[in-house]
Amino acid sequence: MAVRRIVPNLQVSDPEDARRFYADLLGLEIVMDHGWIVTFAAKGGSAMPQVSFATEGGSGTPVPTLSIEVDDADESYRRAKAAGVEIVYDITDEPWGVRRFYLRDPFGNIVNILSH
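First things first, this report covers the structure right here in the doc. (Residues numbered from 1 in each chain as written. Predicted model: local features only at pLDDT ≥ 70, side-chain atom pairs only at ≥ 80, totals over all residues. Heavy atoms only, no water.)

**Digging into the overall build of the protein chain**
Reasoning step 1: A tally of helices and strands in the protein chain yields two helices and six strands.
Reasoning step 2: The linear arrangement of helices and strands in the protein chain, starting from the amino end, is α-β-β-β-α-β-β-β.
Reasoning step 3: A principal-axis box enclosing the C-alpha atoms of the protein chain has dimensions of 40 × 40 × 25 Å.
Reasoning step 4: With 116 residues in all, the protein chain has 33% of them scored as buried. (Helix = DSSP H or I, 4+ residues; strand = E, 2+ residues; numbered from the N terminus. Buried < 20%, exposed > 50% of the residue type's maximum accessible area, 1.4 Å probe, protein only.)

Okay, structure coming up:
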């Protein structure tokens, strides 16, 4: 047996809000939409399935619900600020080699946006 993918399922009140946030703001592609569930994926991306378990988010931050690696954290930060998205943890170069920030999605989830 081999795990092929891991998909977090986050409960939301309106999948259309997820579309606006995750597709429009972060550029994720909709790969499945049944109305009651919308699944997003990185365009052209492939990665090993991963899941993390943590007591904190690092640097004393809360554990984020999702971590999304992007190619340019600064550009993602600029887009989030321009869209008026709540920044929970300001953009920072962490000692373990990532540049990241936390934002809050429309459903209250803390999302870690990072670049290596």
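**With respect to helix α1 (residues 15-25)**
Reasoning step 1: Regarding α1, the residues found buried are P15, A18, F21, Y22, A23 and L25.
Reasoning step 2: Its buried side turned inward, α1 meets β2 (38-41), β3 (66-69), α2 (73-82), β5 (99-104) and β6 (110-115).
Reasoning step 3: The residue sitting at the N-terminus of α1 and contributing the capping side-chain oxygen is D14; that oxygen lies 2.9 Å from the backbone nitrogen of E16.
Reasoning step 4: Taken from the residues just after α1, G27 is the one with a positive phi, measuring 80 degrees. (Contact = heavy atoms within 4.5 Å. Polar contact = N/O pair within 3.5 Å; in protein donor to acceptor, adjacent residues only side chain to side chain.)

**A short note on the sheet that holds strand β4 (residues 87-93)**
Reasoning step 1: If you trace the four strands from one edge of the open sheet to the other, you get β3-β6-β5-β4, paired in mixed fashion. The sheet is open, and its two borders are formed by β3 and β4, each paired with just one other strand. Across the sheet, the axes of successive neighbouring strands diverge by a mean angle of 15 degrees, strand direction being ignored. (Pairing = 2+ DSSP bridges. Axes fitted to C-alpha atoms, helices over the stretch in contact; angles between N-to-C directions.)

**Structural notes on the pairing of β5**
Reasoning step 1: The pairing of β4 with β5 spans four bridges and is antiparallel. Bridged to Y89 within β5 is Y102.
Reasoning step 2: The turn joining β4 and β5, which pair antiparallel and follow one another in sequence, is formed by five residues; a positive phi near 95 degrees is taken by G97.
Reasoning step 3: Two strands pair when backbone bridges link them, and β5 and β6 are joined in this way by six bridges, in the antiparallel orientation. Bridge pairing links R104 to I110 in β6.
Reasoning step 4: Counted between consecutive antiparallel strands, the loop separating β5 from β6 contains five residues, among which G108 sits at a positive phi close to 95 degrees.

**Remarks on the nonpolar core**
Reasoning step 1: Residues Y22, L103 and I113 are the most contacted members of the largest nonpolar core, which totals 18 residues.
Reasoning step 2: At the level of secondary structure, the elements contributing two or more residues to this core comprise α1, β3, α2, β5 and β6.
Reasoning step 3: The dominant element in this core, judged by the number of residues it contributes, is α1, at four residues.
Reasoning step 4: Excluding anything up to four places from it in sequence, Y22 contacts G27, L28, F40, L66, I68, D105 and V111. (Core = buried A, V, L, I, M, F, W, Y, C linked by side-chain atoms within 4.5 Å.)

**Some thoughts on the side chain of N109**
Reasoning step 1: Counting through the fold element by element, N109 comes out in the loop between β5 and β6.
Reasoning step 2: With residues up to four places along the chain from it excluded, the contact list for N109 reads L10, T65, L103 and R104.

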